[in-house]
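# Close look at the chain arrangement
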2 protein chains.
Amino acid sequence: MGIAERKARQRAELREQILRVARDIVVKEGFPALSMRKLADAVEYAPATLYLHFENREAIAKELCVRGFQDLLAMLEPAAQVEDPLERLPKLAEAYIRFGLEHPETYRLIFMEDPKLSTALFGDSPEGAGPRSFGVLVQVFVDLLAAGRLEEGTKPEQFAEVLWAGVHGIVALKLTCSGFPGSPAEELTQVLVSTLVKGLPGLKAEQTPTKAR
Amino acid sequence: MGIAERKARQRAELREQILRVARDIVVKEGFPALSMRKLADAVEYAPATLYLHFENREAIAKELCVRGFQDLLAMLEPAAQVEDPLERLPKLAEAYIRFGLEHPETYRLIFMEDPKLSTALFGDSPEGAGPRSFGVLVQVFVDLLAAGRLEEGTKPEQFAEVLWAGVHGIVALKLTCSGFPGSPAEELTQVLVSTLVKGLPGLKAEQTPTKAR
DNA sequence: GGCGTTTATGAACGGTGTTCACAAACCACT
DNA sequence: AGTGGTTTGTGAACACCGTTCATAAACGCC
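Owing to the predicted nature of the structure, the values given are computational and were not obtained by experimental measurement. (Residues numbered from 1 in each chain as written. Chains lettered and ligands numbered in written order. Predicted model: local features only at pLDDT ≥ 70, side-chain atom pairs only at ≥ 80, totals over all residues. Heavy atoms only, no water.)

Moving on, we come to the protein's contact with DNA strand D. Close contacts around DNA strand D come from 18 residues, with A:Arg6, A:Ser35, A:Met36, A:Arg37 and A:Tyr51 the closest. Taking the atoms of DNA strand D that fall within 4 Å of the protein, sugar and phosphate contribute 57% of them. The side chain of A:Tyr51 places a nitrogen or oxygen atom 2.9 Å from a phosphate oxygen of DNA strand D. Residue assignment for the surface near DNA strand D shows that the elements contributing at least two residues are α1 (2-29) and α2 (36-43) of chain A together with α3 (47-50) of chain B. Considering only residue class, the surface near DNA strand D consists of nine nonpolar, four polar and five charged. (Near = heavy atom within 4 Å. Polar contact = N/O pair within 3.5 Å; in protein donor to acceptor, adjacent residues only side chain to side chain. Helix = DSSP H or I, 4+ residues; strand = E, 2+ residues; numbered from the N terminus. Nonpolar A, V, L, I, M, F, W, Y, C, P; charged D, E, K, R; others polar.)

This is the structure in structure tokens:
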């Protein structure tokens with residue numbers, strides 16, 4: 001049945017091309033500038049054809065979200081493999097904000113555009129990409145706990161959530177409030193991480209190595 | 001010239017009514033649902049009439065931004081007047097996130113919708129509402145510095161920026177990523193503030209009173 | 001060659017922000 | 001009271017938008 005396979009492959013290829021072009025537009029001009037007509041024009045099909053491959057504009061956005069999030073995860077990967085959790089933490093934070101600043105439109109799409117989009121990553125699935133990458137952050141504090149450098153009885157998830165909120169806040173402000181946080185993002189991240197780490201309950205301070213680059 | 005005054009007053013009144021109705025729509029259905037036609041319908045004028053009072057839709061949004069920000073400032077006011085900076089800090093943070101969660105659409109409009117909007121608050125003017133409310137946060141750390149509870153040579157603005165990023169991150173995640181940060185916002189704020197305070201460089205720990213509600 | 005399915009499209013519907021020529025209302029001045 | 005100029009209001013239009021649907025073309029199979 002080589003013929004059916006070819007048709008399936010061609011279909012998948014067109015779908016892929018649509019997504020590729022859509023991504024280009026989003027990256028270059030932002031998600032609001034992604035219109036079905038412009039997209040159809042760019043792939044040289046009629047607008048109605050897009051609806052043979054995606055339910056609607058939002059479905060395209062969701063797919064772009066998922067892929068963008070995978071890119072974010074990939075950027076976190078190297079930092080996630082550092083052994084010492086106290087070294088790992090600043091590296092993770094730095095990689096996160098670097099992704100946000102280097103791919104502003106992608107970051108906006110994932111975290112700041114439509115609540116429905118991020119729901120695709122965090123909401124429904126029990127083990128989607130969202131919770132998985134969150135696990136990377138939690139692991140830091142689990143490791144700290146295991147190493148006896150974090151007070152027993154504290155919840156690692158909570159510290160992970162606070163840290164995520166912190167780095168997200170830095171990126172979000174930088175992306176929207178033009179020039180509000182006067183200090184550069186790297187500096188803020190460094191201050192955030194070092195201060196948070198130093199303030200963790202029960203940390204046996206062994207000269208906290210909190211350099212962030 | 002009582003007649004000219006009356007005309008000016010009527011003009012201002014209509015402008016005000018437009019803004020009032022626009023605010024209602026935004027609060028109830030979100031900023032994207034605010035269309036010029038719907039707004040014109042609600043104030044019982046033709047759409048074109050709106051353009052006699054505002055340059056365009058964005059001008060209306062900007063005005064709503066400014067007023068929303070004033071509301072935020074008003075909510076911060078009581079907390080800002082607490083004498084002890086170590087007590088003031090958690091109260092400010094709590095008031096901030098409370099505003100964000102109680103007026104989600106207003107908060108979105110101000111900080112998460114269009115970069116151009118927040119620019120009206122932070123960008124151009126040297127002493128707009130943005131920097132002024134930021135000053136409230138800076139003051140906390142200035143006071144801490146003056147009281148000798150913060151290491152000399154550290155920059156109060158930077159800590160204020162980090163704190164703002166932290167609370168903004170908490171609110172922003174809560175507003176977009178449905179149910180991502182599992183912990184309630186109040187808990188996260190408490191952890192954020194207490195951990196940050198404890199981690200401040202050179203704080204002469206006098207039994208940090210970091211209760212947040 | 002004829003038939004059924006998949007793929008593609010043009011045209012339309014109802015919506016958006018915005019502009020502009022035109023009309024009505026209004027006030028001031030003769 | 002009438003006339004002229006300014007302000008205020010509007011209907012219609014333009015160029016977009018997402019989406020749907022009947023129609024048509026292309027394609028593989030018998």
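Once that is clear, we can look at the nonpolar core. Core analysis: the biggest nonpolar cluster contains 140 residues, and A:Phe111, A:Trp164 and B:Phe111 have the highest contact counts within it. Leaving out residues up to four positions away in the same chain, B:Phe111 has contacts with A:Thr176, A:Cys177, B:Phe69, B:Leu72, B:Tyr96, B:Phe122, B:Trp164 and B:His168. (Core = buried A, V, L, I, M, F, W, Y, C linked by side-chain atoms within 4.5 Å. Buried < 20%, exposed > 50% of the residue type's maximum accessible area, 1.4 Å probe, protein only. Contact = heavy atoms within 4.5 Å.)

Moving on, we get to the interface of chain B and chain A. At the interface, 42 residues of chain B touch 42 residues of chain A. At the boundary of chain B with chain A, the tally comes to one salt bridge. Taking the shortest distance from any N to any O, the salt bridge between A:Lys155 and B:Glu187 comes out at 4.0 Å. At the junction of chain B and chain A, the tally comes to 14 residue pairs in polar contact (both at pLDDT 80 or more). Of all the secondary-structure elements, those providing two or more residues to the side of chain B that touches chain A are α6 (104-112), α7 (115-123), α9 (156-176) and α10 (185-199) of chain B. (Salt bridge = Lys/Arg side-chain N within 4 Å of Asp/Glu carboxyl O.)

A few words on the relation of the copies chain B and chain A. Superposing chain B onto chain A requires a rotation of 180° together with a translation of 0.0 Å along the rotation axis, leaving an RMSD of 0.1 Å. With respect to symmetry, the two chain copies, as superposed, fit the operation of a two-fold axis. (Least-squares fit on C-alpha atoms with pLDDT ≥ 70 in both.)

Quick look at the protein's contact with DNA strand C now. Close to DNA strand C lie 18 residues; A:Thr49, B:Arg6, B:Met36, B:Arg37 and B:Tyr51 are nearest. The sugar-phosphate share of atoms of DNA strand C within 4 Å of the protein amounts to 56%. With respect to DNA strand C, the side chain of A:Arg11 contributes an N or O atom lying 3.3 Å from a phosphate oxygen. Take B:Met36: an N or O atom from its main chain is 2.8 Å from a phosphate oxygen of DNA strand C. Residue assignment for the surface near DNA strand C shows that the elements contributing at least two residues are α3 (47-50) of chain A together with α1 (2-29) and α2 (36-43) of chain B. For the surface near DNA strand C, the per-class residue count stands at nine nonpolar, four polar and five charged.

Enumeration over the complete set of coordinates arrives at 19 salt bridges over all chains. With a closest N to O distance of 3.8 Å, B:Lys62 and B:Glu58 form a salt bridge. Residue B:Lys62 and its partner B:Glu58 are both found in helix α4 (residues 57-80); the two are separated by four residues, about one turn of the helix. By sharing partners, the salt bridges in this structure join A:Arg15, A:Glu16, A:Glu63 and A:Arg67 into a single network.

Residues and elements named next belong to chain A. You can read the domains of chain A as domain 1 (1-54) and domain 2 (63-199). When each unit is reduced to the centre of its C-alpha atoms, the spacing between domain 1 and domain 2 is 31 Å. Between domain 1 and domain 2 lies a buried interface of about 800 Å² when both sides are counted; carbon and sulfur atoms form 65% of it. At the junction of domain 1 and domain 2, the tally comes to three salt bridges. We note a salt bridge from arginine 23 to aspartate 71, for which the minimum N-O separation is 4.0 Å. There are two residue pairs in polar contact (both at pLDDT 80 or more) connecting domain 1 and domain 2. (Domains from an automatic or database assignment. Buried area = accessible area lost by both parts, 1.4 Å probe.)

This next bit is on the packing of α4(B) against helix α8 (residues 129-146) of chain B. Residues and elements named next belong to chain B. Here α4 crosses α8 at 20°, and the two axes come no closer than 11 Å. Relative to α8, α4 is oriented roughly parallel. When the axes of α4 and α8 are compared, the crossing they make is left-handed. From α4, Phe69, Leu73 and Ala80 reach across to α8, where they touch Ala129, Gly130, Arg132, Ser133 and Val136. The residue inventory of the contact of α4 with α8, partitioned by class, reads five nonpolar, two polar and one charged. (Axes fitted to C-alpha atoms, helices over the stretch in contact; angles between N-to-C directions. Parallel < 35°, antiparallel > 145°, perpendicular 65-115°, else oblique. Left-handed = near helix turned anticlockwise from the far one by under 90°.)

Considering all chains together, one arrives at zero disulfides over all chains under this definition. In this structure B:Cys65 is not part of a disulfide, and its nearest cysteine sulfur, from A:Cys177, lies 9.4 Å away. Residue classification places B:Cys65 among the buried residues on the basis of a relative accessible area of 0%. (Disulfide = S-S within 2.5 Å.)

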